[in-house]
Every structure is written in structure tokens, then in C-alpha cells.
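So you can see what is in the structure, the chains are spelled out below.
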Amino acid sequence: MKRARVAYGGAIHDATEHPAGLRLADGRVLAEDAVVWLPPLELGTVIALGLNYADHVKELSKELTVTSKDEPLAFLKSPGALIGHRGQTRRPADVTFMHYECELAVVIGRSAKNVRREEAMACVAGYCVANDYAIRDYLENYYRPNLRVKNRDTCTVLGPWLVDAADVPDPHHLALRTLVNGELAQQGNTSDMIADIPALIEYLSSFMTLAAGDVILTGTPDGVVNVNVGDEVITEIDGIGRLLNTIVGDATFGR
Amino acid sequence: MLYMLEQSLARPQGEAMATEAPVAHWQALASSVGRRQAFLPPTRGTVYGTLLNHRDALAALGDQVNAAPYKAPPKAPILYIKPRNTVVGHRVPVVVPADAPELEMGATLGVVIGWTASHVSQAQALDFVAGYTVVNDISVPHASVYRPSMRFKCRDGFCPIGPAIVARALVPEPDALDISVGIDNETVQRSSTAGLVRPIAQLIADVTEFMTLFPGDVLTVGVAANGPRARAGQTVTITIHGVGQLENTLVSGDST
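Residues numbered from 1 in each chain as written. Chains lettered and ligands numbered in written order. Predicted model: local features only at pLDDT ≥ 70, side-chain atom pairs only at ≥ 80, totals over all residues. Heavy atoms only, no water.

### Looking at the overall build of chain A
Counting secondary structure elements, chain A contains 4 helices and 19 strands. The C-alpha atoms of chain A give 18 Å as radius of gyration, which agrees with the globular expectation for 255 residues (18 Å, within 12%). Counting only C-alpha atoms and orienting by the principal axes, one finds that chain A spans roughly 55 × 45 × 30 Å. Burial statistics for chain A: of 255 residues in total, 60% are counted as buried. Sequence-distant contacts, at least 24 apart, represent 75% of the contacts inside chain A between residues at least 6 apart. Approximately 9800 Å² of chain A is accessible, and the part contributed by carbon and sulfur atoms is 49%. (Helix = DSSP H or I, 4+ residues; strand = E, 2+ residues; numbered from the N terminus. Rg over C-alpha atoms; globule rule 2.2 N^0.38 Å. Buried < 20%, exposed > 50% of the residue type's maximum accessible area, 1.4 Å probe, protein only. Contact = heavy atoms within 4.5 Å. Areas by Shrake-Rupley, 256 points an atom, 1.4 Å probe, with all protein chains shown as cover.)

Here's what the structure looks like:
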């Protein structure tokens, strides 16, 4: 099952995939572009991984001052920073390097504390596509990656669907790619994650209790390039979804 | 009475949370429910910590700010998130992890947002504040603030908040509040919100330039240098004059 949350006709609805687009819980069938897409679940804690694909580590190696990794590099986002499918992301006029990151998002389905690797996948409710933008101009070396880089309004896109874990037999063998204005800009495979999903759940739950609705963004492969106002960015993961986002400028936000 | 207290302290996000009752009212309520009775946290919004916003905390880094790995003094507010598993209320015991016998207490003022604040000016910033509360931003002690592990700040129970939210109107000078930390009734640290690099209105303006704050969110103003350390068995009391007194006892992991 693929589930979504959308706004339509004056209310927020749960919806499921339908050959014509999507079907609201009340029976209305609508085209994909007829609704406003929200992140597909009520978000709890949002955890993101940095440098979790070996090729991306190599890509960024010039700016890394820490190279040895003895634990996953995890950081947090606030739910308010997230937007849904077909949304608009603001690119401030003063920046020179703002890039997308296509990521597999893992949604936790039940409370998890001190979960061992062997039991970890049973805690997963499902998966989404994420596009986790970064603006490198704002990078500072305190509590990296600082929130001004990684927790900006509109800069984390999640959706379109929450795909049930039962429908994704092998989440560690999914091709993922990013297209900018239809051109292939980034590609990789979830099989190249350094810390895989059970490792991440085991690690995180070793010091904090994960709860239903928590989300883990599992990192991105190499191939990140700058995007500009007007660009249409699609992050796509086979079997999970195709997430569309448009870059807009300051004027859209009255800045 | 306890039921009423829980109802009034734990309001859902989106509702006005400040009470017009004076601090003495909350203290009377708190004492009336028994010494060991734990409270719910007074808000369920997102909790943001601010780093190096006390002048002495920044000064403690000294010339290190110009050396690797920092390479330059901080420019924008340096923030982090205390996730929901960390947030507990007044008098809730905090479990000390087996691998970190001594924890650092981060006494700070929590600014509770009352109305959605996006790109607000410094002049208007305080209009978006519902009230103030006391926060203990607990950490596993760690020297580097370059890329600290989540293990240091995100353990369950590492962010006691409360006892209550005191309405903004009852705290006329939030940038001049004395903060003291007591461990087992001995005062071990004194600081003040008068020592902030970014006073509250400027902090809200600079943060909401890139990130919306929502009703119920808590923005802490930052901790002073040299946070006192505490161990299992000790009781930590943070007092902010006019805002409240937050008390939590540390317990060993074995007792849960």
C-alpha cells in the first residue's frame, strides 16, 4: 500500500495510490496535480545521516577534517522544515552552492530501544523518498552540519508516498537518482550505504528511544550539483516514488 | 488536583500555553501535589538549543575559534535540536547512562513560542513569545563542539523542562534573569541571561530568518561556561528568578 496525506477541498485527507492519481479516504479520485501534497505522515523525530555513501564521502573529502568514522554521523531536523511532493523550495539570492540530496527515508513503526540488528527491520513501518537540500555557503564548523545549512524552511522534501515495508522486500537494493530539468544529475543504489538500515536502527536505539513516526534519512550518494531558481528537481527511488520539487527565489517569499 | 495540573501543564501544540497565574500560584500547586510527584513537560513542541550564546561560554573557547577544526568564530546562531525522547518534566528522574557516570547540567532559560514566527524583526520578536520556562539541557561531557555525536545530547530524559510556562507579561526583563544551579542543596553555578551574545529578541530574529518557530516550540538562550556535573543519586535544582524552579534527581541505569 502507498499512502499519502494531502490537502483538498478545504480539508486534510489520507489518500492511497490509484491508477488515475490518488484516492482520498472518502472515495474521491483525483489527479496528482489536483491536490496539495503534505509529508505523508505526522512526523516525530527526524534524523538524517551525513556521509553514509562511500562515494559521497570521497566527493566531499576536501572539506572534511574528520576522515575516520567510528560511528554513523547522525544529526536532527525539526518537523517544521519539511514539505511535501510538488512543493516549492526557496533558494536565497545570496548563495552560490545549493544542492539536492536524494535519500531513502525509513519510517519507524513502533517504539525501539536497544534493538539488536537482527530485530531492527521489524521496527520499520515503511519508506519514502526524501530530497534533503543543503546550502553550503552557510556551513560553519560548530555543531556541523549547522541548522542554517540543514534545517531551513522548505529545504527537506518528503513523499510522495509512505510505502508499506511489506511492499519493499529488499530496501538495500534500490536504484535511486536525481533529475534536474529532466537531465540525470545523480544516481546510486541503496546497496552502497556504509551503515545499512539495521545498523542505523541498532546504533540510534542504543542511546535513544525511537518511536512510531520517527524518520531516518539514510544519506545520499555522490553527484550533488548546484540548482538555480526555476529548476525542477525530481528525486526518485525505484519502487518507492518519484518526488517533484521546484526551486523558487526570494520574491516568492516576499524577501 | 494532580489531574488538573497535568491538564494545564501539558497543552497540545497550537494552543496558547502561557498562564496568567503568577509564579507563586504554580509553586503552591507544585508543593500541594507531594514532594516526589513528577510533572509532565509543559509543552510538546520542538526544543532548540543554542550554543555559545553566553559570552563566557564563547570566551572559554578563546583563540580555539580561529584554529582547526573551527577555523573562524561563529557567525549565525549555532543551534541543535533536543528530540522528543529527551523531554521530561519537573521531578522526573533522569537516568544516567552506564557509559557516562557524570553528566553536565545545562541550566538555561527556555523561550516558549506562542505564535508562528517566520522572518520576524528584532523589534517585533517578543510579541511572538508566549512565555518562559526553565530548561536543563543535559549532556554527556564532551570537549569538541565541531561535530558532536547525538549520543552526547539526545539520550532519553536529557531535557527536563518546567515546572510551568510563565506568561511573557509576568517576566518584564527576560534579558536580566539570574540563574542558579544547586546540586543537593549546594549552589554550584550562578549565571544570568544578561550575559548573552544575542539577547532574546535578536536571537529570535536571527533564527526565524531561516527557520520558522511554531507555537509550543522552545528556544533555549544557551548555557553558561563550565556547566556543573552531577552523578546518580544527586538532585539538581535550577532556579530562574521569576520563572521557576526545576528539580530532577539523577538515577543509575540499573534502577529502571
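### Some words on the interface of chain B and chain A
When the parts of a complex come together, some accessible area is lost, and that lost area is often used as the size of the interface. At the interface, 41 residues of chain B touch 39 residues of chain A. Both sides of the chain B and chain A interface together cover about 3400 Å² of buried area, and 57% of this is carbon and sulfur. The interface formed by chain B and chain A includes 4 salt bridges. With a closest N to O distance of 3.4 Å, Lys113(A) and Asp156(B) form a salt bridge. (Buried area = accessible area lost by both parts, 1.4 Å probe. Salt bridge = Lys/Arg side-chain N within 4 Å of Asp/Glu carboxyl O.)

### Things to note about the environment of His119(B)
Along the chain, the position of His119(B) falls in the loop between strand S6 (107–113) and strand S7 (129–136). Overall, the relative accessible area of 41% leaves His119(B) in the partly exposed class. Spatially, the C-alpha atom of His119(B) lies 21 Å from that of Leu51(B), the residues being 68 residues apart in sequence. Beyond its immediate sequence surroundings of up to four residues, His119(B) is in contact with Arg255(A), Thr208(B) and Glu209(B). Side chain to side chain, His119(B) and Arg255(A) meet in a polar contact 2.9 Å long. (Polar contact = N/O pair within 3.5 Å; in protein donor to acceptor, adjacent residues only side chain to side chain.)

### Regarding the packing of aromatic side chains
Residues and elements named next belong to chain A. Here the structure, examined in full by the defined rule, presents 4 aromatic pairs over all chains. When the centroid spacing of 5.1 Å and the interplanar angle of 85 degrees are considered together, the rings of Trp37 and Trp161 count as edge-to-face. Within this pair, whereas Trp37 is found in strand S5 (residues 36–38), its partner Trp161 is found in strand S14 (residues 156–164), the two being separated by 124 residues in sequence. There is no split in this pair, since Trp37 and Trp161 are both buried. (Phe/Tyr/Trp six-rings, centres within 6.5 Å; stacked < 30°, edge-to-face > 60°.)

### A look at the environment of Leu244(A)
Residue and element names in this part refer to chain A. By the element assignment, Leu244 lies in strand S19 (residues 241–248). Taking the C-alpha atoms as reference points, Leu244 and Asp70, separated by 174 residues in sequence, lie 35 Å from one another. Not counting residues within four places of it along the chain, the set of residues in contact with Leu244 comprises His85, Arg86, Gly87, Glu232, Val233 and Ile234.

### Observations regarding the sheet that holds S7(B)
All names here are of chain B. Spatially, 7 strands are ordered S2-S1-S11-S6-S7-S8-S3 in an open sheet, and the strand pairing comes out mixed. Lying at the two open borders of the sheet, with one neighbouring strand each, are strand S2 (78–82) and strand S3 (87–88). Bridge count between S7 and strand S8 (residues 159–167): 4 bridges; the pairing is antiparallel. Among the inter-strand pairings, Gly131 is bridged to a residue of S8, identified as Ala167. (Pairing = 2+ DSSP bridges.)

### Topic: the nonpolar core
Counting residues in hydrophobic clusters, the biggest one holds 109 residues, and the most contacted among them are Ile47(A), Tyr133(A), Ile201(A), Leu204(A), Ile240(A) and Met150(B). When sequence neighbours within four positions are dropped, the list of residues in contact with Tyr133(A) reads Thr89(A), Met98(A), His99(A), Tyr100(A), Val149(A), Lys150(A), Cys155(A), Val157(A), Val227(A), Val233(A), Asn245(A) and Ile247(A). Ranked by size, the runner-up nonpolar core spans 15 residues in total, among them Leu41(A), Phe75(A), Val107(A) and Leu158(A). (Core = buried A, V, L, I, M, F, W, Y, C linked by side-chain atoms within 4.5 Å.)

### Remarks on the confidence of the model for chain B
On average, residues of chain B score 88 in pLDDT, and 85% of them reach the 70 mark or higher. In the predicted complex, the global pTM is 0.92; the interface-specific ipTM is 0.93. (pLDDT = per-residue confidence, 0-100.)

### Brief notes about the side chain of Arg91(A)
All names here are of chain A. Residue position: Arg91 is located in the loop between strand S9 (87–90) and strand S10 (98–99). Put simply, Arg91 is tucked away with no salt bridge, and the nearest opposite charge, on Asp137, sits 6.5 Å away. Here Val95 takes part through its backbone oxygen, which lies 3.2 Å from a polar atom of the side chain of Arg91. A polar contact of 2.6 Å, which involves the side chain of Arg91, links it to the backbone oxygen of Val227. Other than its neighbours up to four places away in sequence, Arg91 contacts Thr96, Phe97, Met98, Asn226, Val227, Asn228, Val229, Ile247, Val248, Gly249 and Asp250. (Lys, Arg positive; Asp, Glu negative; His and termini not counted.)

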